[in-house]
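Summary of the model geometry
What follows is each chain in one-letter form.
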Amino acid sequence: MTRPWTILVTTTFLAVGLMACRGVPARPASVPPEAMWCAEAKDGLFLKVGGHQSTLWQLEVWDRKGRSLGSGSFRLRGFAKARIVPEEVLAWENGALHLKDGTWLVPEKP
């Protein structure tokens, strides 16, 4: 017969283990503290959102190992945004940030 506390302890360890797999990785030294972890993005990524004016946003993006994926001015293509939050980030694809609502932030040409 299994004791109730044994089930509770086992369930707790399993839940903590699953959260650790999906949790925030150790922040690489190359990623500043103000960068947000975007766990829902494909493969996860760190994102630092700077100021914006109209549809032009300042972004810096790193992969989970701290390698820079892109930085600079990005033009918003799609729905207007007051801010970019980690839960909205779907993926970094071909040098652009893809959000869940179909909006893209694409590099602004110099």
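One structure accompanies this document, and this report is about it.

Rules used in this analysis
- Numbering of residues starts from 1 in each chain and follows the order in which that chain's sequence is written.
- In keeping with the predicted nature of the model, local features appear solely for residues at pLDDT of at least 70, side-chain atom pairs appear and are counted solely at 80 or more, and the whole-chain, interface and lining totals rest on all residues.
- The basis for every side-chain value is the complete set of heavy atoms in the structure, and neither hydrogens nor water enter the calculation.
- Should DSSP find at least two bridges between two strands, the strands are taken to pair.
- In this text, helices come from DSSP runs of H or I with a minimum length of four residues, and strands from runs of E with a minimum of two, each type numbered from the N-terminal end.
- Here the nonpolar core consists of buried residues drawn from Ala, Val, Leu, Ile, Met, Phe, Trp, Tyr and Cys, with membership extended through side-chain atoms lying within 4.5 Å.
- Whether a residue is buried, partly exposed or exposed follows from its accessible area with a 1.4 Å probe, protein chains only, as a fraction of its type maximum: under 20%, in between, or over 50%, in that order.
- We call two residues in contact when some of their heavy atoms are within 4.5 Å.
- Every axis corresponds to a line fitted to the C-alpha atoms, with the helix fit spanning only the stretch in contact, and the corresponding angles, defined between N-to-C directions, vary from 0 to 180 degrees.

1. Describing the pairing of strand S5 (residues 89-93)
As paired strands, S5 and strand S6 (residues 96-99) are joined by 4 bridges and run antiparallel to one another. Across the sheet, the residue bridging to Glu 93 is Ala 96, located in S6. Connecting S5 to the next strand, S6, in antiparallel fashion are 2 residues, including Asn 94 with a positive phi near 50°.

2. Examining the nonpolar core
Grouped together as the largest cluster of nonpolar side chains are 15 residues, with contacts concentrated most on Leu 45, Leu 47, Leu 59, Val 89, Leu 97 and Leu 105. At the level of secondary structure, the elements contributing two or more residues to this core comprise strand S2 (45-53), strand S3 (56-62), strand S4 (68-77), S5 and S6. The element contributing the most residues to this core is S3, with 3 residues. Once residues within four sequence positions are removed from consideration, Leu 105 is found in contact with Trp 57, Leu 59, Phe 74, Arg 75, Leu 76, Ile 84, Ala 96, Leu 97 and Leu 99. In this structure, Ala 35, Trp 37, Phe 46 and Trp 62 belong to the second largest nonpolar core, which totals 5 residues.

3. Focus on the sheet that holds S5
The sheet built from 7 strands is open, its strands ordered S1-S2-S3-S4-S7-S6-S5 with antiparallel pairing. Of all strands in the sheet, those with a lone pairing partner are strand S1 (36-38) and S5, marking the two edges. Within the sheet, the average angular offset between the axes of one strand and its neighbour, ignoring direction, is 35°.

4. Focus on unusual backbone geometry
Note: most residues except glycine have negative phi, and most peptide bonds are trans. Positive phi outside glycine occurs at Asp 43, with the angle close to 70°. Tracing the backbone shows Asp 43 in the loop between S1 and S2. The class for Asp 43 is exposed, based on a relative accessible area of 59%. If you check the backbone angles, Asn 94 has positive phi at about 50° while not being a glycine.

5. Quick word on the environment of Ala 91
Mapped onto the secondary structure, Ala 91 falls in strand S5. Taking relative accessible area as the criterion, Ala 91 reaches 3% and is therefore assigned buried. With 49 residues separating them in the primary sequence, Ala 91 and Lys 42 have C-alpha atoms 5.1 Å apart. Sequence-distant contacts of Ala 91, defined by excluding residues within four places in its chain, comprise Ala 41, Lys 42, Ala 96, Leu 97 and His 98.

6. Some words on the environment of His 52
As for its placement among the helices and strands, His 52 is situated in strand S2. Given the relative accessible area of 37%, His 52 is considered partly exposed. As for His 52 and Arg 75, which are separated by 23 residues in sequence, their C-alpha atoms are 9.7 Å apart. When near neighbours in sequence (up to four residues on either side) are disregarded, His 52 contacts Trp 57, Lys 81 and Ala 82.

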